[in-house]
Amino acid sequence: MKKIIIATKNKGKVKEFRDFFAPHHIEVVSLLDLDEDIPDIEETGESFVENAAIKAEQISNRFQKTVLADDSGLVIDSLEGRPGVYSARYAGEPTDDQANIDKVLEEMKEIPEGERGARFVCVLAIAQPGQEPLFVTGYCEGHIQTEQSGENGFGYDPIFVPEGYEKTMAELDPAEKNQISHRKIAMNQLEQNIHLL
Ligand SMILES: O=c1[nH]c(=O)c2ncn([C@@H]3O[C@H](COP(=O)(O)OP(=O)(O)OP(=O)(O)O)[C@@H](O)[C@H]3O)c2[nH]1
Ligand SMILES: [Mg+2]
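If you're wondering where the values come from, they're calculated on a predicted model, not measured in any experiment.

## A look at the site of ligand 1
Line of reasoning, step 1. Taken together, 20 residues lie around ligand 1, and T8, K13, F154, Y156 and D157 are the ones closest in.
Line of reasoning, step 2. Taking Y156, its main chain carries an N or O atom lying 2.6 Å from an oxygen atom of ligand 1.
Line of reasoning, step 3. Relative to its unbound accessible area of 620 Å², ligand 1 is 92% covered by the protein chains.
Line of reasoning, step 4. Broken down by secondary-structure element, the contributors of at least two residues to the shell around ligand 1 are β3 (67-76) and α5 (182-190).
Line of reasoning, step 5. Among the elements that take part in the shell around ligand 1, β3 stands out by supplying four residues, more than any other.

The following block contains the structure:
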């Protein structure tokens, strides 16, 4: 079976990419699946695009193979776009999804219903040896609930209610999340370039 390296150590992303690539008969190999231990990549960029490029190019250079990377996060209007590119490490390092959720809920405790708009953003970068990287972006609009609920997904899913729904991303069935998520919307645009992988 054809294989694609995805430059991520996030198990939640890996699971979603496995579901996306399965119908194309492409096997997903993440940085957690390699025999050698890959040091954490420093995400020094100021945008999702910059960080996706850093991750994809570093791993592509190292293995001289085509590599896909995902840089994603939650952008909250009333927090002037935070946590944004700092989504994974919003409450500090080592990263802790529950601490990140607690921090967002605390910062938003005075924000009334109707002003709690937010979106998930996902930038995918494909890096190929000796070529400029290619980017696609996906968005998922919604709002931040005042309390967390649901066990599925990862990250901020327990507090994010997608537009048109009355439950959080973490209360949706994984297959349902994978039809509407920022990552799926980005993947849809990648499909035209799937032959590159
Ligand atoms: O509720 C969520 N549902 C999602 O679908 C989702 N996608 C991203 N995020 C958040 O944004 C960070 C990404 O940061 P990020 O792109 O740097 O990834 P990461 O550091 O977790 O792994 P890696 O891919 O860099 O190895 C993640 O950790 C999460 O907090 C999500 N939260
Ligand atoms: Mg990261």
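## With respect to the confidence of the model for the protein
Line of reasoning, step 1. Here the protein averages 97 in pLDDT, and 100% of its residues register 70 or above.
Line of reasoning, step 2. What the predictor reports for the complex is a pTM of 0.97 with an ipTM of 0.98.

## Focus on the state of the cysteines
Disulfide: a covalent bond formed between the sulfur atoms of two cysteine residues.
Line of reasoning, step 1. A full pass over the atoms with the stated rule returns zero disulfides.
Line of reasoning, step 2. With no disulfide of its own, C122 lies 11 Å from the sulfur of C140, the closest cysteine sulfur.
Line of reasoning, step 3. For C122, a relative accessible area of 0% corresponds to the buried category.

Quick notes on the rules
- Residues numbered from 1 in each chain as written.
- Chains lettered and ligands numbered in written order.
- Predicted model: local features only at pLDDT ≥ 70, side-chain atom pairs only at ≥ 80, totals over all residues.
- Heavy atoms only, no water.
- Near = heavy atom within 4 Å.
- Polar contact = N/O pair within 3.5 Å; in protein donor to acceptor, adjacent residues only side chain to side chain.
- Areas by Shrake-Rupley, 256 points an atom, 1.4 Å probe, with all protein chains shown as cover.
- Helix = DSSP H or I, 4+ residues; strand = E, 2+ residues; numbered from the N terminus.
- pLDDT = per-residue confidence, 0-100.
- Disulfide = S-S within 2.5 Å.
- Buried < 20%, exposed > 50% of the residue type's maximum accessible area, 1.4 Å probe, protein only.

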